Amino acid sequence: MRSHPLRTSTINKSFPVQSIDRSTPPKPGKPSLITFPAFAREVLKNGIPVYIVENHSQPYVSLQLVARSGASRDGEFAGLAEFASNLLLSGAGGRNAQQLAEEIDYLGATLDASAGRDETTVGLGVLATFLPQALELMADVVLRPTFPADEVQRERKQSIAALKQNRSDPAYLASVQFRRELYGSGPYGTEVDGTEESLRRITRDECLRFHATHFVAGNVFFVAAGDVVPGEFVRLLNHSFGEWNGEAPQPRAFELPAGRESKRLVVVDRPGSVQSAMRVGSIALERRHPDYIPLITINTLFGGYFNSRINNNLRERNGYTYGARSGVDALKNPGAFSIAVSVGTAVTAAALGEIFSELEAIIHEAVTEEELTMVKNFIVGSQALQTETPGQVASFVRAIALYDLPDDYYRRFPDMVRAIGREELLTIARRYMNPDHMVAVIAGDASVISGELERFGPVRVVNDRGIART
Amino acid sequence: MFDELRQGGERSSSVPITAGIDFERFTHANGLEIILHRDCRAPIVHVMVWYHVGSKDETPDRTGLAHLFEHMMFQGSQNVGKTQHFTYVQGVGGSLNATTGQDRTNYFQTVPREYLGMALWLEADRMRSLKVTMENFENQRSVVKEERRQRYDNAPYGLWYMTLLEMLFGGTPYGWSPIGDMAHLDAAPLDAIQEFHRLYYVPNNATLVVCGDFDREEALSLIDEQFGGMPKGLPVGRPSCAVEAPGVQRRREITASVPFPAVYLGFHSVPIAAGDAHALNVLALVLNRGRSSRLQRAMVYGTQTAQSVAAFNVDMESAGLFIVLATATEDSTADRLEEELWGVVEDVRANGVREREVEAALNHVRTSFVTSLCRLHGIADALAYYQVLCGDAGRINTLLDEFNAVTAADVERVARTYLLRDRAAVLHYLPG
C-alpha cells in the first residue's frame, strides 16, 4: 500500500473580508500558452504510416488502425462496412469468436471495430504491460478474419434487431430521414448500420470481398497514444503488420444529388409522441475546405455551445427544450450543417419558427464584436483543453491523417481562428446557413403537428421508413 | 523473434499501475472541506464542488427538487447574471457541467490555470448568493420537463430504472429517481426552492476539490478570499434510509411503444462503503464485461435470444442495488429472457466462478481505473466521491489493493447472498 501525505488542518488565516470586491472575478494571472502536443510520424517497412502521441502519465496504450474506406463504399449493400467490421472479431487466425473474446477480455483490454462514413477503425485499448499479447490478437483480427458462416447469421439477426431498436427513438428517425432528404441514394445517403432489407442480402462473400479490397496496406494508417516508446513500438508493429501488402482501391466518385436547393418540410409520423425531434439544415462542405474554420466559428456562435443563440433562445428564453444545438459534419466529401433539437409536441411549430428567425438573423446581420471575441476564445481555449489526454490528442492526429491536413494544422489552428472577421462570417453564414435552402425534418405526432407546420410551407408526411403516407 | 517479443511483453511498463495521487485535505472554519491535488502536466485547473445533497434528501411529495436546483445554480447570483456562469467559463475556453444523483450534486469546470480565481469566484458567488426568482424557476421547470420527456418518457425503455427503484426501495428516500415527478415540481412553491438552498448549499455541506497546475499558497489564499467569509449553515440532517428487503418476489409489467421485450432483475445489494461492494462489482464484470462474459456468452452468442445484456452494481451511500437485464431479439419473449437470465444467475450461485474470470475482471478494473486518471476531472471526482460518501478521499490510493483482495470465493458468496430469486424485483417491458 502506498503512503501519501494526508493532512487535515484548518485554515485560520484571517482576511479583511469586507475589503474584497466581489462584483468582478479576480484578475487572471499571466496567460498560459497551450500548444498542440508534438507527435511522431513513423513508417513501417511496408510503407504504412504510424502516428505516435507519446505520453507516459499512465501505463495505458490506445491504438487505432484506420482503413480509409467506410460506409460510403458500401455500394449496393448498405451497412456492409459496419457489418463486416463487426465480424472481424468473430473469428480470426486459429481462434473462433469465443476464444478471441476470452483472450482479449482476460487482458482487461478492449478491441472493437466500427465503420464511419469515410473510414473503418479497429481500436485497441490496453494496459502497456499487455501490449505485445494484445497486438498479436489485433493482427489476427485485422489480417486473418475468417467470417464464419454461423457468425454471419448471428450478426445479421443482432444487427436487424438493433436497427428496429433504433427506430423507436425519435431523434434517430429524424436523423435518418434528414440524411435521406439531403443525399438521396448517394454514398452519404444511407445509415452506417444499413437497412433491414440490405442486411438480409449481405453474405459471407461480401464481407470477404470488403475485407480483401479495403483492408490492404496501401489503404491504412495507425494512430497510437500513451505509454509507448516510438522505436520499440514500431518494431512491434513491424513484427505483426510489416509483411502486409496490397494497393489502395480506386477512389469512388462522389456526386451531390441535384435539386436540393429549395426549402422542404418533412414530418416522420410517430403517433402518440410527446416530443418532436427536429433536424434542420443543408449540405455544407468537406473537411479540407478553406471555409471550414470560419463555418465552425459561426456555427459555434449559432448553436455549437451552451451559450449559443439557439440554446439561449429555445432553452433559456422559451423553455421549449432540454437543449438545442447545431453542428458541422465535415467529412472527406461535403457533409451537412444541421440543427438538432427535441421539443414538446405542443410547441413544435413555435420552436421551428424561432429556428428560422435565428437563421434569418444570422444571414442578415453581422455578429457583434463581443459575441465574436467570446466565441473565438471558446474555440481556441477548448481546443487546447481537449488535448488533456493522449487519446484526445490522438483523435486530432487521426483527423490530420484521415483528411490529409498538414501536420502543423492544429498548431496553426488558434491563429486561423483569431484571424476571422465579422464580415467574413456574414459571407459564410449566407453561403451555408440560408433557411430557404434547408430541409426541416420533424419526427413527431403528425396528426397534432402537421397542420400548424404548414405555415412554413407544404408539409410531406412519411412513415418511419421514409415512405410517403397516402 | 517471437520469443523475444513475448518476453518484451512481460517488461513492466515504466509507469506503475497505481493511483499515487498526492493530495492535501483541509477543513475550513466554516465547515467547507477542501482537497488540493497538484498535477502540472498541462497548464489547466479543474475546480469541482460536491454538495452532499441528492434526491434522497427530498420528501416523497416533493421529488425532483435537488435536480431542478442543479439547473437553478446557472440562473445567476449576486454578481453573476443569468447563464453568465457559462459565459465566463466558456469565454476563456473552459468546459463545465453539473450532475445530480441520489446522494450528491456536483458542479465542475476546467479552465486555463490563470483563471483559477475566476472559477472559485463563480462557485463561491452561487453558494453565497444564488438568485432564486419565480421567473427563473418557471423557466427551468419547463426545461426540466422537456429533459424528462426527452430522456425518460419519450425514450424507449426510459422508465425502467425509476420503476426498479420504486419496486426495491418504495417507501424510502431511494424509491424515486433524481428527475422526479413533474406534478411535484408544478406544485412546489418558490420558498421551497429558497429553503433548499438555505439548508443544503452551505459550506459545511460542500467539498471543494481543486486539481491541476496551481501554486499551493496562492490557491489557499484565493479559496479563503472567496469562501472564507461565508457563515456556516445549520447542521445538515441525513434521512433515514433503512431498507426492508421484501420477503417476496415483486413483479411488474410496463407496456409501451418499444420494439422488443426487455427484462430487468433488481436485487438489494450494499452501500458504497460496505465490505461486499467490490466483490459485487467484480460479479457484475464476470456477468457482463466483454464478449466472453457469462451473460453475453449465453444469450447474445449462445441462444441469441438477446440483442443486448447488462449487469451492474449501483452502490449508493446508504443502500445498493444489483441489476441484471436483457433486451430481446426478434423471435424471443420476455418469459424466455427471464428464464435464461435466471439460468445464468443460478449457475453462478450454484457453481461459483473461475479464478481466471476474476483475474480478467480485475484487469478490467485496473484498465478503467488508469484511464479515469488520465483526466483531472476523473481524479477530482474520485477524490470527492470517496471523501463525501465514504469519509476518506485517500481511498483513491488504496482502491486497487482493495480490489486485488477479491477472490473467486468472495464472488460466489456475494452471488449467493444477494442475488435472491425469491426477493428480486422483476420488470418486464413489453411492446404494446
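All figures in this text were calculated on a predicted structure; none of them were measured in a lab. (Residues numbered from 1 in each chain as written. Chains lettered and ligands numbered in written order. Predicted model: local features only at pLDDT ≥ 70, side-chain atom pairs only at ≥ 80, totals over all residues. Heavy atoms only, no water.)

**Student:** Give a description of the overall build of chain A that names residues and reports values.
**Tutor:** Looking only at helices and strands, one finds 16 helices and 15 strands in chain A. Its C-alpha atoms give chain A a radius of gyration of 25 Å, within 12% of the compact-globule value 23 Å for 470 residues. Counting only C-alpha atoms, chain A reaches 75 × 65 × 45 Å along its principal axes. Contacts in chain A between residues at least 24 apart in sequence constitute 82% of all its contacts with a sequence separation of at least 6. (Helix = DSSP H or I, 4+ residues; strand = E, 2+ residues; numbered from the N terminus. Rg over C-alpha atoms; globule rule 2.2 N^0.38 Å. Contact = heavy atoms within 4.5 Å.)

**Student:** Tell me about the packing of helix 11 (residues 294-302) of chain B against helix 12 (residues 334-351) of chain B, residues and numbers included.
**Tutor:** Residue and element names in this part refer to chain B. In the contact formed by helix 11 and helix 12, the axes pass within 10 Å of each other and the chain directions differ by 150°. The angle between the axes of helix 11 and helix 12 places the two elements in the roughly antiparallel class. Two packed elements cross with a definite hand, and for helix 11 against helix 12 that hand is right-handed. When helix 11 is examined against helix 12, the residues Arg 294, Leu 295, Ala 298 and Met 299 are found in contact with a partner set consisting of Leu 337, Glu 340, Leu 341, Val 344, Asp 347 and Val 348. Taken together, the residues of the contact of helix 11 with helix 12 sort by class into 7 nonpolar, no polar and 3 charged. (Axes fitted to C-alpha atoms, helices over the stretch in contact; angles between N-to-C directions. Parallel < 35°, antiparallel > 145°, perpendicular 65-115°, else oblique. Left-handed = near helix turned anticlockwise from the far one by under 90°. Nonpolar A, V, L, I, M, F, W, Y, C, P; charged D, E, K, R; others polar.)

**Student:** Let's hear about the domain arrangement of chain A: which residues, and what values?
**Tutor:** Residues and elements named next belong to chain A. What the domain assignment reports for chain A is domain 1 (40-241) and domain 2 (264-462). Its C-alpha centre places domain 1 at a distance of 29 Å from the equivalent point of domain 2. Listed by partner, the interface residues are 29 residues for domain 1 and 35 residues for domain 2. Both faces considered, domain 1 and domain 2 share a buried interface measuring about 2,600 Å² in area, 65% of it formed by carbon and sulfur atoms. Considering only the surface of domain 1 that becomes buried against domain 2, Phe 178, Glu 181 and Leu 182 emerge as the three largest contributors, covering 22% of it. The tally of links between domain 1 and domain 2 comes to 6 salt bridges. With a shortest N-O distance of 3.8 Å, Asp 404 and Arg 68 are connected by a salt bridge. There are 13 residue pairs in polar contact (both at pLDDT 80 or more) connecting domain 1 and domain 2. Mapped onto the side of domain 1 that touches domain 2, the elements with two or more residues apiece are strand 3 (49-54), strand 4 (60-67), helix 5 (170-183) and strand 9 (220-226). (Domains from an automatic or database assignment. Buried area = accessible area lost by both parts, 1.4 Å probe. Salt bridge = Lys/Arg side-chain N within 4 Å of Asp/Glu carboxyl O. Polar contact = N/O pair within 3.5 Å; in protein donor to acceptor, adjacent residues only side chain to side chain.)

**Student:** Can you explain the sheet that holds strand 9 (residues 306-315) of chain B? Please cite residues and give values.
**Tutor:** The mixed open sheet is built from 5 strands, whose spatial order is 7-11-8-10-9 (chain B). Taken across any chain shown, the strands that pair with only one partner, and hence form the sheet edges, are strand 7 (250-256) and strand 9 of chain B. Each strand axis lies, on average, 15° off the axis of its neighbour in the sheet, ignoring direction. Bridging between strand 7 of chain B and strand 11 (residues 425-431) of chain B involves 7 bridges; their strand directions are parallel. By the bridge assignment, B:Thr255 is partnered in strand 11 of chain B with B:Leu430. In this fold helix 4 (residues 149-166) of chain A packs onto strand 9 and strand 10 (320-328) of chain B, with an angle of close to 65° to the strand it touches most, strand 9 of chain B. Relative to strand 9 of chain B, helix 10 (residues 277-288) of chain B is tilted by about 175°, and along the sheet it contacts strand 9 and strand 10 of chain B. (Pairing = 2+ DSSP bridges.)

**Student:** So what's going on with the pairing of strand 11 (residues 275-283) of chain A? Which residues, and what values?
**Tutor:** Along any regular strand the residues' side chains alternate between the sheet's two faces. All names here are of chain A. The buried fraction of strand 11 amounts to 9 of the 9 residues, a majority that puts the element mostly inside the structure. Across 5 bridges, strand 11 lies against strand 14 (residues 439-444) in antiparallel orientation. Counted as the bridge partner of Gly 281 is Val 439 from strand 14. (Buried < 20%, exposed > 50% of the residue type's maximum accessible area, 1.4 Å probe, protein only.)

**Student:** Pulling in residues and values, what's your account of the domain arrangement of chain B?
**Tutor:** Residues and elements named next belong to chain B. For chain B, the assigned domains are domain 1 (24-227) and domain 2 (250-431). Put simply, the middle of domain 1 and the middle of domain 2, counted by C-alpha atoms, are 28 Å apart. Counting residues at the interface gives 35 residues for domain 1 and 41 residues for domain 2. Each partner contributes to the roughly 3,300 Å² buried at the junction of domain 1 and domain 2, and carbon and sulfur atoms together form 73% of this total. The largest per-residue losses of area from domain 1 upon contact with domain 2 belong to Tyr 157, Met 167 and Leu 168, which jointly make up 24% of the total buried on that side. Our count for the domain 1 to domain 2 interface comes out at 2 salt bridges. The closest approach of N and O atoms between Glu 166 and Arg 252, which form a salt bridge, is 3.5 Å. Listing elements by their share of the side of domain 1 that touches domain 2, those giving two or more residues are strand 2 (33-38), strand 3 (44-51), strand 5 (105-112), helix 6 (160-169) and strand 6 (206-212). If one sorts the elements of the side of domain 1 that touches domain 2 by residue count, helix 6 sits on top with 9 residues.

**Student:** Break down the interface of chain B and chain A for me, citing the residues and quoting the values.
**Tutor:** Between chain B and chain A, the contact holds 108 residues from the first and 93 residues from the second. Carbon and sulfur atoms make up 54% of the surface buried where chain B meets chain A, a total of about 9,100 Å² over both sides. Where chain B meets chain A, there are 5 salt bridges. For B:Arg297, the salt bridge goes to A:Glu102, with nearest N and O atoms at 2.8 Å. Where chain B meets chain A, there are 38 residue pairs in polar contact (both at pLDDT 80 or more). A class-by-class count of the residues in the side of chain B that touches chain A yields 35 nonpolar, 45 polar and 28 charged.

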